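# Overview (structure and organization)
Chain residues, written in single-letter form:
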Amino acid sequence: MLPRENRITEKKDFDEVRNKGRLVQSDSFAFGFIDNNAGTPSRFGFVVSTKISKKATLRNRVKRAMREGVRQNLTYIKKGIDGVFLAKTSILNKPTPEIMKEV
């Protein structure tokens, strides 16, 4: 599980990344990010909308896979980044290890 200090949970933080951040595209997701204070830990949020799947179990599987990918790489990520992962529909066709590797 991703530590609490590394999670974005408030709507204002998601909106700030969306409005002011840069966006990088991947096959399975888009990643928006912004620099926050350099001394703070990096934080991440995950968005998997109902457009991806109407089934909550599938959306949750995708979020768990992306969270685990971030958790395993936290030591390699520089401090002071706020990032939001936005899932695309193609992510449903990929197995969990492949999603984690792509993150």
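Okay, so let's go over this structure. Just so we're clear, the structure is a prediction, and the values are computed from it rather than from any experiment. (Residues numbered from 1 in each chain as written. Predicted model: local features only at pLDDT ≥ 70, side-chain atom pairs only at ≥ 80, totals over all residues. Heavy atoms only, no water.)

Another point: the pairing of strand S2 (residues 29-35). Two faces make up the sheet, and in a regular strand the side chains alternate between them. Of all seven residues making up S2, six are buried, and the element is well covered by its neighbours. With antiparallel pairing between neighbouring strands as the criterion, strand S1 (residues 22-25) and S2 make up a hairpin whose turn holds three residues. Taken together, the seven bridges between S2 and strand S4 (residues 81-87) define a ladder with antiparallel strand orientation. Each bridged residue has a counterpart across the sheet, and for Phe29 the counterpart in S4 is Ala87. (Buried < 20%, exposed > 50% of the residue type's maximum accessible area, 1.4 Å probe, protein only. Helix = DSSP H or I, 4+ residues; strand = E, 2+ residues; numbered from the N terminus. Pairing = 2+ DSSP bridges.)

Let's shift gears to the layout of surface pockets. Roughly 190 Å³ of volume is contained in the largest pocket. Phe14, Asp15, Val17, Arg18, Gly21, Arg22, Leu23, Gly32, Val47, Val84 and Leu86 are the residues that line the largest pocket. Those elements that place two or more of their residues in the lining of the largest pocket are helix H1 (11-20), S1 and S4. The dominant element in the lining of the largest pocket, judged by the number of residues it contributes, is H1, at four residues. A per-class count over the lining of the largest pocket returns six nonpolar, two polar and three charged. (1 Å grid on protein atoms, 1.4 Å probe; cavity = no way out; pocket = protein on both sides within 12 Å on 5 of 7 lines; lining within 4 Å. Points joined across faces, edges and corners; volume = space filled by probe spheres on them. Nonpolar A, V, L, I, M, F, W, Y, C, P; charged D, E, K, R; others polar.)

Now for the environment of Pro95. When you line up the elements, Pro95 lands in the loop between S4 and helix H3 (96-102). Given a relative accessible area of 44%, Pro95 falls into the partly exposed group. Expressed as a C-alpha distance, the spacing of Pro95 and Arg43, which sit 52 residues apart in the sequence, is 25 Å.

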